[in-house]
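In case you want the letters, here they are:
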Amino acid sequence: MTFPYLIELPKIIDNRGNLSVVQNHKEIPFDIQRVYWLYEVPTGELRGGHAHKDLQQVLIALHGSLAVTVDDGHSRQTFMLDKPNQGLYIGSNIWREMSDFSEGAVCMVLASKPYDPTGYVRNYDEFRRDTRSCVST
Ligand code: TYD
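Our subject in this report is the structure included herewith.

1. Here we look at the site of the ligand
Reasoning step 1: In the region of the ligand, the neighbouring residues are Arg34, Tyr36, Leu38, Arg47, Gly48, His50, Tyr115, Tyr120 and Arg122.
Reasoning step 2: In this structure, an oxygen atom belonging to the ligand sits 2.9 Å away from a main-chain N or O atom of glycine 48.
Reasoning step 3: Between arginine 122 and the ligand, the recorded distance is 3.1 Å, taken from a side-chain N or O atom to an oxygen atom.
Reasoning step 4: In the complex, the protein chains occlude 63% of the 530 Å² of accessible area that the ligand would expose alone.
Reasoning step 5: Here the shell around the ligand is composed, by residue class, of four nonpolar, two polar and three charged.

2. Brief notes about the environment of arginine 96
Reasoning step 1: Note that arginine 96 resides in strand E8 (residues 95-99).
Reasoning step 2: Taking C-alpha positions, arginine 96 is 6.4 Å from alanine 51, a pair spaced 45 residues apart along the chain.
Reasoning step 3: Here arginine 96 is in contact with Gly48, Gly49, His50, Ala51, His52, Gln57, Thr69, Val70, Ile90 and Gly91, once residues within four sequence places are set aside.
Reasoning step 4: Within the structure, arginine 96 has its side chain in polar contact with the side chain of glutamine 57 (distance 2.4 Å).

3. Considerations on the sheet that holds strand E1 (residues 5-8)
Reasoning step 1: Spatial strand order, E1-E7-E4-E9-E2: five strands in an open sheet with antiparallel pairing. Looking along the sheet, the strands with just one partner apiece sit at the ends: E1 and strand E2 (34-38). Averaged over neighbouring strand pairs, the angle between their axes works out to 25° when direction is ignored.
Reasoning step 2: Relative to strand E9 (residues 106-111), strand E4 (residues 57-63) runs antiparallel, the two being bridged by six bridges. Note that in E9 the partner of alanine 61 across the bridge is cysteine 107.

4. Overview of the side chain of serine 99
Reasoning step 1: Relative to the elements of secondary structure, serine 99 occurs in strand E8.
Reasoning step 2: Judged by its relative accessible area of 15%, serine 99 is buried.
Reasoning step 3: Within the structure, the side chain of serine 99 is placed 3.0 Å from the side chain of aspartate 100, a separation counted as a polar contact.
Reasoning step 4: With residues up to four places along the chain from it excluded, the contact list for serine 99 reads Glu45, Leu46, Leu66 and Ala67.

5. Describing the sheet that holds strand E6 (residues 76-81)
Reasoning step 1: Spatial strand order, E6-E5-E8-E3-E10: five strands in an open sheet with antiparallel pairing. Single-partner strands in this sheet number two, and they are E6 and strand E10 (120-121).
Reasoning step 2: Bridge count between strand E5 (residues 66-71) and E6: six bridges; the pairing is antiparallel. Bridging from a neighbouring strand, aspartate 71 pairs with arginine 76 of E6.

Cut-off values and rules
- Residues numbered from 1 in each chain as written.
- Predicted model: local features only at pLDDT ≥ 70, side-chain atom pairs only at ≥ 80, totals over all residues.
- Heavy atoms only, no water.
- Near = heavy atom within 4 Å.
- Polar contact = N/O pair within 3.5 Å; in protein donor to acceptor, adjacent residues only side chain to side chain.
- Areas by Shrake-Rupley, 256 points an atom, 1.4 Å probe, with all protein chains shown as cover.
- Nonpolar A, V, L, I, M, F, W, Y, C, P; charged D, E, K, R; others polar.
- Helix = DSSP H or I, 4+ residues; strand = E, 2+ residues; numbered from the N terminus.
- Contact = heavy atoms within 4.5 Å.
- Pairing = 2+ DSSP bridges.
- Axes fitted to C-alpha atoms, helices over the stretch in contact; angles between N-to-C directions.
- Buried < 20%, exposed > 50% of the residue type's maximum accessible area, 1.4 Å probe, protein only.

The quantities given are spatial measurements derived from coordinates; they are silent on function.
What follows is the structure in structure tokens.
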């Protein structure tokens, strides 16, 4: 299991405005099959609070900032996303919580698979049990 890590994305600086880009298997280590974005998040709201059994994602704060706390069942780390040329890679079986959205923040999520509600683990104790049993086998 790979612990979440930041990906620096290209930033093509231009007086007319900057540009960033992602491509499958280049900046993004998988084939993107789905893109969604979080926006108009009220101050103090939390998103996430689950893990995915078999899904890779990259989160990019396209505008504003947010905190993403990730947990592999053994250790926990909080990443502050505040640059549109930076992504946070989150692989399978990682618990994530998004918080501290700034006003007007927009977080885009690139995902390796179509939406599948059965692939979520929404109970933290169940998640901890699953991750522990993975290590011991
Ligand atoms: P959820 O993944 O729980 O949001 P978050 O983790 O950001 O808090 O999804 C919230 C709702 O949106 C849920 O009813 C399912 C729906 N949804 C889709 O229909 N398709 C999608 O690709 C996603 C991510 C969510």
